[in-house]
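# Residue-level structure breakdown
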Amino acid sequence: MYAQFFGNYLLSKHVVTPEQLIQAIEEQHIRHIKLGLLAIHAGLMTVEQVDKVLIRQAHENRRFGELAIEEKFLTEEQLAGLLKQQIPVYLLIGERLVENGFLSETQLEELITSYQEENHFTHLANADEQQENLQALTRSLFMITTLHIPEYLFKYLTLLFNNLVRFIGDDFLPLNPILSSEHVANHCSGQIIDGEFSLTAYLEMEEDAAVAFASRFAGTEFKEFNEYVDAAIGDFLNWQNGLFNVNISNEESVELFLNPVVNLQNTMLSSSSDMILLPIAYPFGTITFVFKL
Amino acid sequence: MRAEDVTILIGDNSVLARKQLKDAIVSFGISRILDASNGQEAIELYQEHVPDLVFLSLLMPVKDGAAAISEIMEINPNADIIVVSSMGTQSQIKQAFQLGAKEFIQKPFHSQQITDILRTRLEGSV
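Residues numbered from 1 in each chain as written. Chains lettered and ligands numbered in written order. Predicted model: local features only at pLDDT ≥ 70, side-chain atom pairs only at ≥ 80, totals over all residues. Heavy atoms only, no water.

### Regarding the interface of chain B and chain A
Accessible area lost upon the coming together of the parts is a frequently used measure of interface size. Cut-off, in case you're wondering: Residues count as neighbours in contact if any of their non-hydrogen atoms are within 4.5 Å of one another. Here the quantity called buried area is the total loss of accessible area, with a 1.4 Å probe, experienced by two parts when brought into contact, counted for both. Whenever a carboxyl oxygen of Asp or Glu lies within 4 Å of a side-chain nitrogen of Lys or Arg, that contact is scored as a salt bridge. Under the rule applied, a polar contact is a pair of N or O atoms within 3.5 Å (in protein, one hydrogen donor and one hydrogen acceptor; residues adjacent in sequence only if both atoms are side-chain atoms). A run of H or I in DSSP becomes a helix once it reaches four residues, and a run of E becomes a strand once it reaches two; helices and strands are each numbered from the N terminus.
Listed as interface residues are 19 residues of chain B and, on the opposing side, 24 residues of chain A. Of the roughly 1600 Å² buried between chain B and chain A, counting both surfaces, carbon and sulfur atoms make up 64%. The largest per-residue losses of area from chain B upon contact with chain A belong to Leu-16, Leu-59 and Pro-108 of chain B, which jointly make up 31% of the total buried on that side. At the junction of chain B and chain A, the tally comes to zero salt bridges. Where chain B meets chain A, there are four residue pairs in polar contact (both at pLDDT 80 or more). Of all the secondary structure elements, the ones that give two or more residues to the side of chain B that touches chain A are helix 1 (15–26) and helix 4 (90–99) of chain B. Per-element tally for the side of chain B that touches chain A: the top contributor is helix 1 of chain B, with five residues.

### Focus on helix 2 (residues 39–49) of chain B
All names here are of chain B. The condition that has to hold: Relative accessibility thresholds used throughout: buried, under 20% of the residue-type maximum; exposed, over 50%; partly exposed, between the two (1.4 Å probe, protein chains only). By arc we mean the arc of the directions from the helix axis to the C-beta atoms, nothing more.
All of the buried residues along helix 2 are Gly-39, Ala-42, Ile-43, Leu-45 and Tyr-46. Projected down its long axis, helix 2 carries its buried residues within an arc of 170°, all on one side. Among the exposed residues of helix 2, those pointing more than 90 degrees away from its buried face are Gln-47 and Glu-48. In this structure, the buried residues of helix 2 make contact with strand 1 (7–11), strand 2 (32–36), strand 3 (53–56) and helix 3 (65–75). Measuring from the side-chain oxygen of the N-cap residue of helix 2 to the backbone nitrogen of Gln-40 gives 2.9 Å; that N-cap residue is Asn-38. A positive backbone phi angle near 40° is found at Val-50, which sits one or two residues after helix 2.

### Focus: unusual backbone geometry
Here the bond from Lys-107 of chain B into Pro-108 of chain B is cis, since omega is 0°, no more than 30 degrees from zero. Mapping Pro-108 of chain B onto the fold places it in the loop between strand 5 (103–106) and helix 5 (111–121). The backbone phi angle of Asn-266 of chain A is positive, close to 45°, even though this residue is not glycine. Residue position: Asn-266 of chain A is located in strand 5 (residues 262–282). Residue classification places Asn-266 of chain A among the exposed residues on the basis of a relative accessible area of 63%.

### Quick notes on the domain arrangement of chain A
Residues and elements named next belong to chain A. Operational definition: Domain start and stop points were drawn from an automatic or database domain assignment.
Partitioning chain A into structural domains gives domain 1 (3–118) and domain 2 (138–292). Each of domain 1 and domain 2 has a C-alpha centre, and these two points are 32 Å apart. On the domain 2 side, the residues contacting the 13 residues of domain 1 number 15 residues. Taken together, the two surfaces of domain 1 and domain 2 that pack against each other cover about 1200 Å², and 70% of this comes from carbon and sulfur. For domain 1, the biggest contributors to the area lost against domain 2 are Gln-4, Phe-5 and Asn-8; these three give 47% of the whole. Where domain 1 touches domain 2, the interface holds zero salt bridges. Inspection of the domain 1/domain 2 interface yields two residue pairs in polar contact (both at pLDDT 80 or more).

### Examining helix 1 of chain B
Residues and elements named next belong to chain B. Threshold: The span expected for a helix works out to 1.5 Å for each residue beyond the first.
When the terminal C-alpha atoms of helix 1 are compared, their 16 Å separation across twelve residues agrees well with the 16 Å that a helix rising 1.5 Å per residue should span. Every buried residue of helix 1 is listed here: Val-15, Leu-16, Ala-17, Arg-18, Leu-21, Ala-24 and Ile-25. A distance of 3.2 Å separates the backbone nitrogen of Leu-16 from a side-chain oxygen at the start of helix 1, and that oxygen is part of Ser-14.

In structure tokens:
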């Protein structure tokens, strides 16, 4: 689940640009993953151990796994486990950044290690701890903004990332939030939540991204933009907001009210104060959530 | 009553949600399906056709689901209304039942939930 935030971590360290990151997201299906990287990610080998094996590999024409076992860095069972595991999305993206020449292999290994350390991840985190970690990562996204973010928005966003995984797919990367009083929206749905506090949420994307987004959401392959694609954007927003209301009602006994979703096309979203724009990159395109507080 | 004689009304402002409900209902062998994109249309279609079962969203423009349940219950106090809604706090569920809804499904729904309801509500008549 934390994989999605590794891209944002790279942005925050200024080691890649958003354009380089988006290119890597789009190319993540090209898989040339290195075993050493998988071993570091799984916590089985250190960067130094991997480097030692790589140096030996440069001199001897032997497989990485074979040398790692010989050095007693890995057992045969651990190697077998690594070879059959599903490769996390952020490793695929990291490898693309290396292949494209934006990061060195060593730099990527070190960044993965520091990302895990700085965020205190453990491989044993239970479901509650995972949600706490996710909320902490959500907060870290907003450290670059000067705007005061209300507590309920962090809850909203934590649920949103869970719902994106659940209904659209986990192969996304949140980009840096932007503050703006205006935003041109292509295909867009908006919904007002009001009551004890008020929040207007919009979900906006370009036509091609909308077709792919709706196909994933509805589990049906849409070939072109149509009324169902348009409705899918609003339905996702409506589910997210409905579930948010239920959570807030259950956890804090606060009753909020939803207004019907409004579908908009080619509209300028504007506000007298800053809106929060949160772009989220998927391989099929970027979707943007816009919040008016 | 045979499945082909059953009439079902769907009220939801999302054309995709109506399609997903319709697909689940059609898979059950029912083809007489009416659909409304707001509460007012749902009330008018109910009055005209008196369907056997109604699936209604709470969040609709023009007239919302709660108002539509009230008016349909005035037309027919025995109306079979199932709420399928994104809104599902305890108080919203309670209100829907007080108005006369028979069941409540929170979105997102699985088609299995819809066919289970069809089996239960239409048992004996289909």
